[in-house]
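Working through the structure, step by step
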Amino acid sequence: MKINNNNWIPFFEQEKKKPYFIALEEFITLERQNFNIFPETNDIFNAFELTSLNEVKVVLIGQDPYHKIKQAHGLSFSVKDGIKPPPSLINIYKELQTNLNIPIANHGNLTNWAKQGVLLLNATLTVREGQPGSHQNKGWETFTDEVIKHVSDNTSNVVFLLWGNFAKTKSHLINANKHKILEAAHPSPLARGAFFGCKHFSKTNDYLIEHGKSSINWSLNSPTLFTN
């Protein structure tokens with residue numbers, strides 16, 4: 001497992017030497033020999049490949065990759081092209097529509113957000129097919145906690161979106177004196193609509209503009225957004 005984005009390589013090289021990461025790599029290798037594991041190897045660190053450290057404006061913390069075929073591709077809450085958006089993502093789109101009058105997207109691929117500086121980070125970066133949570137407490141949380149601390153320590157004026165009780169447990173890793181933390185209920189239907197009305201998308205852009213950064217274009221339907 002490796003990261004190709006030069007901006008993240010020093011951090012990654014530091015972590016991969018630690019005992020927890022060596023054990024994690026051994027675990028993932030064994031898992032792939034016995035189970036279907038998502039996402040594919042080349043997509044595990046997709047969030048880091050698409051969002052360089054020096055370009056991070058927003059960190060959106062998820063928990064686990066999607067565990068069904070062809071869904072997960074290394075970005076929290078995002079699914080590959082051609083895959084129906086899951087219920088949590090649909091609720092995110094509904095909040096976007098209410099908050100910023102952005103039409104609900106016709107796909108579930110959030111790559112454009114990542115390219116604008118939204119680090120779409122799951123706490124656990126792999127999972128067995130059909131077994132949510134199967135790779136929790138194997139070392140990924142140690143790695144991604146270090147990622148959150150690294151972003152907090154080495155950037156300024158980043159918005160951290162903590163949705164749901166699990167994500168909120170990460171707040172202690174963030175320096176609230178130099179960053180903005182926004183908390184809300186999880187967008188899952190299980191939260192019974194408590195996510196709606198948080199207005200995190202407009203609040204994020206207001207904060208970024210206030211601190212001299214360009215806002216995020218949250219719209220996902222315009223084909224012009226997917227050009228490099």
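You'll find the structure just up there.
The sections below set out a description of the structure shown in this document. (Residues numbered from 1 in each chain as written. Predicted model: local features only at pLDDT ≥ 70, side-chain atom pairs only at ≥ 80, totals over all residues. Heavy atoms only, no water.)

1. Here's the deal with the overall build of the protein
Each helix and strand in the protein was counted, giving eight helices and six strands. For the protein, the N- to C-terminal ordering of α and β elements is α-α-β-α-β-α-α-β-β-α-β-α-β-α. Taking 228 residues into account, the globule formula puts the C-alpha radius of gyration at 17 Å, and the protein, at 17 Å, falls close to it. C-alpha extents for the protein along the principal axes are approximately 45 × 35 × 35 Å. Within the span of the protein, comprising 228 residues, buried residues form 52% of the whole. Within the protein, contacts between residues at least 6 apart in sequence are counted, and of these 67% link residues at least 24 apart. Summing over all exposed atoms, the protein offers an accessible surface of approximately 10,700 Å²; the carbon and sulfur share of this is 48%. For the protein, the distance from the average site of its 23 positive side-chain charges to the average site of its 20 negative ones is 5 Å. (Helix = DSSP H or I, 4+ residues; strand = E, 2+ residues; numbered from the N terminus. Rg over C-alpha atoms; globule rule 2.2 N^0.38 Å. Buried < 20%, exposed > 50% of the residue type's maximum accessible area, 1.4 Å probe, protein only. Contact = heavy atoms within 4.5 Å. Areas by Shrake-Rupley, 256 points an atom, 1.4 Å probe, with all protein chains shown as cover. Lys, Arg positive; Asp, Glu negative; His and termini not counted. Charge placed at Lys NZ, Arg CZ, Asp CG, Glu CD.)

2. What to know about the pattern of salt bridges
Tallied over the full model, the rule gives four salt bridges. For the salt bridge of K149 with E146, the shortest nitrogen-to-oxygen distance reads 3.0 Å. Note that K149 and E146 are positioned in helix 6 (residues 140–154) at a spacing of three residues, about one turn of the helix. (Salt bridge = Lys/Arg side-chain N within 4 Å of Asp/Glu carboxyl O.)

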